[in-house]
Amino acid sequence: MLYSEPLFRPPAEAHSLIVQVTEGCAYNRCLFCPMYKGKEFRVHSPAEIAAHLRDLGSVYGPDQPRVFLADGDALVMETDALLAAMAKVRSAFPTARRFAAYGSVFSLAAKSVEDLLRLKAAGLRTVYLGLESGDEETLRRVGKYMEAPRMVEICRRVVAAGLNLSVMVVIGLGGRSRSRIHAEASARLVNEIGPSHTSLLNLLLAHTPLAAEPDYRDFGLGDYFSETAAFVAAIECRTIFRANHASNPVALEGVLPRDRGRILAQIQAALARCAGA
Ligand code: SF4
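Quick notes on the rules
- Position numbers for residues count from 1 along each chain, tracking the sequence in the order it is written.
- Side-chain atom pairs in this predicted model are given and counted only at pLDDT of 80 or more, local residue features only at pLDDT of at least 70, and totals for whole chains, interfaces and linings cover all residues.
- Here is the check we use: build the C-beta atom from the backbone, and if it is within 6 Å of the molecule or strand, call the residue near.
- Following the grouping adopted for this structure description, the nonpolar residues are Ala, Val, Leu, Ile, Met, Phe, Trp, Tyr, Cys and Pro, the charged ones are Asp, Glu, Lys and Arg, and the polar ones are all others, Gly among them.
- Connectivity within a nonpolar core runs through C-beta atoms within 7 Å, and the core itself is a set of buried Ala, Val, Leu, Ile, Met, Phe, Trp, Tyr and Cys residues.
- Residues with at least 20 other C-beta atoms within 10 Å of their own are called buried, those with 12 or fewer are called exposed, and the rest are partly exposed. The C-beta atoms themselves are positioned from the backbone.
- The secondary structure listing takes helices from DSSP runs of H or I that are at least 4 residues long and strands from runs of E that are at least 2 residues long, numbered from the N terminus.
- Residues are defined as contacting one another if the C-beta atoms placed from their backbone atoms lie within 7 Å.
- Only the contacting stretch of a helix is used when fitting its axis, a line to C-alpha atoms as for every element, and angles between N-to-C directions run 0 to 180 degrees.
- By the definition adopted for this analysis, an angle is roughly parallel if under 35 degrees, roughly antiparallel if over 145, roughly perpendicular if from 65 to 115, and oblique otherwise.
- We call a crossing left-handed when the near helix sits turned anticlockwise from the far one by less than a right angle, and right-handed when that turn is clockwise.
- Expected span, for any helix, means 1.5 Å times one less than how many residues it has.
- Summarising the geometry, the arc corresponds to the directions from the helix axis toward the C-beta atoms.
- Any two strands are treated as partners once DSSP identifies two or more bridges connecting them.

Novice: Please clarify how the site of the ligand should be interpreted in this entry.
Specialist: By nearness alone, every residue bordering the ligand is listed as Cys 25, Tyr 27, Asn 28, Cys 30, Cys 33, Met 35, Tyr 36, Gly 72, Ser 104, Gly 130 and Lys 144. Taken together, the residues of the shell around the ligand sort by class into six nonpolar, four polar and one charged.

Rendered as structure tokens:
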């Protein structure tokens, strides 16, 4: 078997070779995320990585300029071990130039700017990181609590190292009761971090314990668009914005705040369609 399934990657990594240097998610406690609940987290051994690279080369060929390091939080690896794995990838795929990986605030808390600069020198370009919310009460409720100022400090280290930081916020994560608070606190958090990319995902309740809570179950399409509009309206930092994941009911993209007017008009049109339906 080429990969340990299920396998996930961000939409923007559709053309990257996925190399599984770890399996699962080291944290794996977020109540809204069923992605890796069936997998026990582990770091692959150097021998496993070498065998995996041989298998990938025989299936996909040697020309692989972009590589996504899986699974859900490859940056939890010790920096030296991750650098060794990236060197193995470059020797198996000599055209590999741009590496990307998911990280979490928990794994990145252990990475200094120096660690991040070494990873950048080895080819790391983009870190995808789920902020999920800037509202601490929401984060507490869904099992991914960290104080907002600490998240800002960790994320700014990634930006300071010159890496692309692509953050994700989950629309609906505050339920109906905290919708506005979640939207505005999340926009404030993004503004303080200044990530290169910001994506909005839509909370999907299937296979999560949140499905049992009326506050989440009652969050409808109109709530989704209102919350998205509140978030977009409050973004002040320059960031490439996307809400075009398979979970998003309407695809939105642009550069904020430059394209705010157009994006808000698209959201208003979607809201009007909801109201007329
Ligand atoms: S949201 Fe991220 S950190 Fe949380 S369980 Fe899922 S993959 Fe792990």
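Structure's up, so let's keep going.
Novice: Could you clarify how one ought to interpret the nonpolar core in this entry?
Specialist: Most often, soluble globular proteins keep nonpolar side chains buried together rather than apart. In this structure, Leu 69, Ala 74 and Ala 101 are the most contacted members of the largest nonpolar core, which totals 72 residues. Top element by residues in this core is helix H7 (residues 179–193). It accounts for six residues. Those residues in contact with Ala 101 that sit more than four places away from it in its chain are Phe 68, Leu 69, Ala 74, Leu 75 and Val 127.

Novice: Would you take a moment to explain the packing of H7 against helix H9 (residues 221–234) for this structure?
Specialist: Relative placement of two packed helices is described by the angle separating their axes and the distance separating the axes. Where H7 contacts H9, the axes come no closer than 8 Å and their chain directions differ by 30°. Relative to H9, the element H7 is oriented roughly parallel. When you trace H7 past H9, the crossing you get is right-handed. Where H7 abuts H9, its residues Ser 179, Arg 180, Ala 183, Glu 184, Ser 186 and Ala 187 lie against Asp 223, Glu 227, Ala 230, Phe 231 and Ala 234. Looking at the contact of H7 with H9 residue by residue, the classes come out as five nonpolar, two polar and four charged.

Novice: Any chance you could explain H9 here in plain terms?
Specialist: Residues separated by three or four positions in an α-helix point in the same direction, a consequence of the helix having 3.6 residues per turn. In a regular helix each residue adds 1.5 Å, so 14 residues correspond to 20 Å; H9 covers 20 Å between its end C-alpha atoms and thus fits that length. Tyr 224, Phe 225, Glu 227, Thr 228, Phe 231 and Val 232 are the residues of H9 that are buried. Buried residues along H9 cover an arc of 165° about the axis, so they all sit on one side. The inward-facing, buried residues of H9 abut strand E7 (164–171), H7, strand E8 (197–202), strand E9 (239–243), strand E10 (252–256) and helix H10 (260–276).

Novice: What exactly am I supposed to notice about the sheet that holds E9 here?
Specialist: Strand pairing in a sheet takes place through backbone hydrogen bonds and is either antiparallel or parallel in direction. Strand order across the open sheet formed by eight strands is E1-E4-E5-E6-E7-E8-E9-E10, with mixed pairing between neighbours. Taken across any chain shown, the strands that pair with only one partner, and hence form the sheet edges, are strand E1 (17–20) and E10. Recorded for the sheet is a direction-independent mean angle of 20° between the axes of neighbouring strands. In this sheet, E8 lies alongside E7 in parallel orientation, the contact comprising six bridges. The residue of E8 that forms the bridge with Ile 171 is Asn 202.

Novice: It is not clear to me how the pairing of strand E6 (residues 124–132) should be interpreted in this structure. Could you clarify?
Specialist: Note on strand geometry: in a regular strand, side chains alternate between the two faces of the sheet. Across the nine residues that make up E6, a large majority, eight, are buried. Across five bridges, the pairing between strand E5 (residues 98–103) and E6 is parallel. Opposite Ala 101, over in E6, you have Val 127 as the bridge partner. Across six bridges, the pairing between E6 and E7 is parallel. From the neighbouring strand, Tyr 128 faces E7, where its bridge partner is Ser 166.

Novice: Sorry if this is basic, but what is going on with H7 here?
Specialist: Over its 15 residues, H7 runs 21 Å from end to end, which matches the ideal 21 Å to within 8%, given 1.5 Å per residue. For H7, the full list of buried residues reads Ser 179, His 182, Ala 183, Ala 185, Ser 186, Ala 187, Leu 189, Val 190 and Ile 193. Gly 194 occupies a position one or two residues after H7 and carries a positive phi of about 70°.

Novice: How should I be thinking about the environment of Ala 81 in this particular structure?
Specialist: Topologically, Ala 81 is positioned in helix H2 (residues 79–92). Taking the C-alpha atoms as reference points, Ala 81 and Ile 193, separated by 112 residues in sequence, lie 28 Å from one another.

Novice: Hey, could you run me through unusual backbone geometry in this one?
Specialist: The bulk of non-glycine residues show a negative phi, and the bulk of peptide bonds are trans. In the segment running from Glu 5 into Pro 6, the intervening peptide bond is cis, with an omega of 0°. Phi is positive for Glu 132, which is not a glycine, with a value near 70°. At His 207, a residue that is not glycine, the phi angle is positive and equals roughly 65°. Here His 207 is to be found in the loop between E8 and helix H8 (214–217).

Keep in mind that these numbers describe shape and distance, not what the molecule does.
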